[in-house]
Amino acid sequence: MTPLFAVFVAERLVHLSGVDLAIIAFYFLLVLAIGFYLKRFANTGEDFFLAGREMTAWVAGLAFVSANLGSLELLGWAGSAYQYGILAAHWYWIGAIPAMVFLGLVMMPFYYICKTHSVPGYLKLRYGSEASALSGITFAVMTILMSGVNMYAMAVVMKVVLGWNINFSIWVSSLTVGVYVAAGGLFSAIFNEVLQFFLIWFGALLIPILGMVETNGWSGMVARIHQNFPGQDFTHMWAPLGSFSHNPMGINWIGIVFGLGAVQSMGYWTTDFLVVQRVLSAKDIRSAKMAPIIGSYFKMAVPLIVILPGLLGRAVLPMHLYPASSLQAGQHSFNEVLPLMLARYCGPGLLGLGITALVAGFMAGMAGNVSAFATVWTYDIYRPYLNKTAADQHYVSMGRWCTIIGLFISIGTAYFVMRFASIMDYVQALFGFFIAPLFGTVLLGMLWKRVTRWAGFWGLLAGTTASVTMFSLMKIDPVRWVPVFARSPLAQGLAQDMFQSLWSCVTCVVVTVLVTLVTKPRPDQELVGLVYSLTPIAHEEHASFWHRPLVWGIVALVLLVILQIIFW
Amino acid sequence: MTEKHHIIPVWFFVGVLLLVYGVMIFITGLTEWSNLPDTVLADKHASVWWGALLTVLGAVYCLSFRPKKS
């Protein structure tokens, strides 16, 4: 037996029964069958890359939120909730809901009206090929790295829970994803994201339900956490943010409100093409506006199945968990809290469902990344710079090949990720590199018609360079540079990333404005449909009150405020 | 969702998945009723009521979104 297929290792949390294996096997068979079924419908470029642009608001909305509900959510954020407490919920609430509503109400009409295939595609129309190429290349790199993160996260679950060899898990899941995405394109990716959405909820929801039963409700859980970890506050969201030293993350409210809420989350949810692509598949502009707002309600509820299990881990697990970088034999890392909780409550059948939910999340995350990679590579790099005049069928073939090649690069990335101590810190750093400055470039381009072609390019380049520089300096000499950029020597990985995002976006905006002032703007007639003040946006006066995206966006924001007050 | 292509709605596949899993988990829960698994709160028989819930939901989705002959 070669090392690659040395499936069984000594340590494992649980043993799967026959019914558990049958549940896992049925999922693999179903997604492959769906992939082959959908292949016949993915014939044109619009079919393969944008799922024919015929998704309803509900399907696009669920796919939109599910594309982000992969390994990061399930493992990384449950681990972060164990590590940092309920502070991690900021990434679901202030770090998501305002941005999703903003995407639906303000930015989506632009993306949809200009009929772009991608965010770099919008930059090409607004600024020209320089900013578009820079964005396309950086995005392609990021999606492939993210896909590797998903693979690694899944392999960790398989190792911890089942004792499966990491190599075996990576290769089996990758080949399955490769087959169904290459067959059905975005159709397959979206169908599986919707399946994954249901699987994750029904597979993970039992953990908080049974956890609450075991601890006798929220107050019982809080009491147990205080008993197990005296003197530390894991259950308040805003009260400990007055000072860097009052919370386990080493962050203050400025980092959360401006670094996370105003920059990183806005950047991720409005310009990360992986999620925006799902909304672009909507059948009309009203569905495109409603999709992210529908997604915001589900996003608001996700802490129930991710953050709460992490907190429950503090309350009920008999052992303490540790950072992956300092693990010793017999210990478990923060990122293993969710599988540990699953093994605690779920017997045969339910365990198979929970494991399948995790696997589905990881595979959908991979599928989302490779389908977005295939689109950006084909439409924003290959077609404009390498082969401008090919037939539509050629680009569809290119998309299929990109899916396969992207997966192999992702597999390499997965092995690279194993070197990093914490999955989430790594991923947040990536977002900071590319997403935060991109948000500045896209937003200025949409709202200010004076911004010029070269301002867009140099602003984006300066922001990205600043981000990479800050990240490198903080890793090379943290004692010296963390207090400079993250404003406190206590700042942990996530806190560093928030400030890194904030400063890189500020850098992008400042450089963009300065270059704009010394370069010549484009004529107004060239910017119709690309800039807010020059674009007639369809309003919903004709729609009934309850069908207006604005109404549901406001309701989402009100609910967000209520949640902040409850968990203050 | 499927005006152009007449694709089977994704909700039907969701129903199939929930129905198959619901039946499997429900039956497993019944078979271990008197021989509880070694998990916390096993006496609550989560497999039985969770499996029943999935079965009902899956059946509703399958019936509501089953492919229709054109």
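Just so we're clear, the structure is a prediction, and the values are computed from it rather than from any experiment. Along each chain, residue indices are assigned from 1 in the same order as the chain's sequence is written. Labels are handed out in written order, letters beginning with A for the chains and numbers beginning with 1 for the ligands. Per-residue local features are limited, in this predicted model, to residues with pLDDT of at least 70; the limit for side-chain atom pairs, both in listing and counting, is 80 or more; totals at the level of whole chains, interfaces and linings are taken over all residues.

K.L.:
Would you explain the overall build of chain A in this entry?
P.N.:
Counting secondary structure elements, chain A contains 22 helices and 2 strands. Dimensions of chain A, computed from C-alpha atoms along their principal axes, come out at roughly 65 × 55 × 55 Å. Out of the 568 residues belonging to chain A, those deemed buried represent 61%. A sequence separation of at least 24 residues applies to 85% of the contacts in chain A between residues at least 6 apart. The helix count covers DSSP runs of H or I at least four residues long, the strand count covers runs of E at least two residues long, and both are numbered beginning at the N terminus. Residues with at least 20 other C-beta atoms within 10 Å of their own are called buried, those with 12 or fewer are called exposed, and the rest are partly exposed. The C-beta atoms themselves are positioned from the backbone. Placing C-beta atoms from the backbone, we regard two residues as in contact once those atoms come within 7 Å.

K.L.:
Looking at this structure, I do not really get the overall build of chain B. What am I missing?
P.N.:
Along chain B, the regular secondary structure elements total 2 helices and 0 strands. Its C-alpha radius of gyration of 16 Å places chain B more than 25% over the 11 Å reference for a compact globule of 70 residues. Along the first, second and third principal axes, the C-alpha set of chain B runs to 50 × 20 × 10 Å. Across the 70 residues that make up chain B, the buried fraction comes to 37%. Of the contacts formed within chain B by residues at least 6 apart in sequence, a portion of 73% connects residues at least 24 apart. Atoms considered for the radius of gyration are the C-alpha atoms alone. The globule rule reads 2.2 Å times the number of residues to the power 0.38.

K.L.:
Any chance you could explain the confidence of the model for chain A here in plain terms?
P.N.:
Any residue range with low pLDDT should be treated as having predicted coordinates unsuitable for detailed reading. Averaged over every residue, the pLDDT of chain A is 84; the share at 70 or more is 93%. Across the chain, each position has a pLDDT score giving the predictor's confidence in that residue, from 0 to 100. In this model, residues 1–10 of chain A is a region of pLDDT below 50 whose contacts with residues beyond four sequence positions or in other chains number 13 contacts.

K.L.:
Whenever I open this one, the interface of chain A and chain B confuses me. Can you help?
P.N.:
Interfaces are often described in size by the accessible area the parts lose on coming together. The partner chain B presents 29 residues to the 29 residues of chain A that form the contact. If you list the elements that add at least two residues to the side of chain A that touches chain B, you get helix H1 (18–39), helix H8 (166–204), helix H9 (206–215), helix H15 (337–345) and helix H16 (350–385) of chain A. Here the nonpolar group is Ala, Val, Leu, Ile, Met, Phe, Trp, Tyr, Cys and Pro; Asp, Glu, Lys and Arg are the charged ones; every other residue, Gly included, is treated as polar. For the side of chain A that touches chain B, the class distribution of residues is 22 nonpolar, 4 polar and 3 charged.

K.L.:
So what exactly am I meant to see when it comes to helix H21 (residues 493–517) of chain A here?
P.N.:
In an α-helix, one full turn covers 3.6 residues, which means residues spaced three or four apart are oriented alike. Taking 1.5 Å as the rise per residue, H21(A) with 25 residues should run 36 Å; its terminal C-alpha atoms sit 36 Å apart, in good agreement. Most of H21(A) sits out of view: 19 of its 25 residues are buried. Here, expected helix span is obtained from the residue count minus one, scaled by 1.5 Å.

K.L.:
What's the story with the environment of A:Met221 in this structure? I'm lost.
P.N.:
All names here are of chain A. Relative to the helices and strands, Met221 resides in helix H10 (residues 217–228). The spacing of Met221 and Arg314 is 93 residues in sequence and 8.7 Å in space, taken between C-alpha atoms. Here Met221 is in contact with Thr215, Leu311, Leu312 and Ala315, once residues within four sequence places are set aside.

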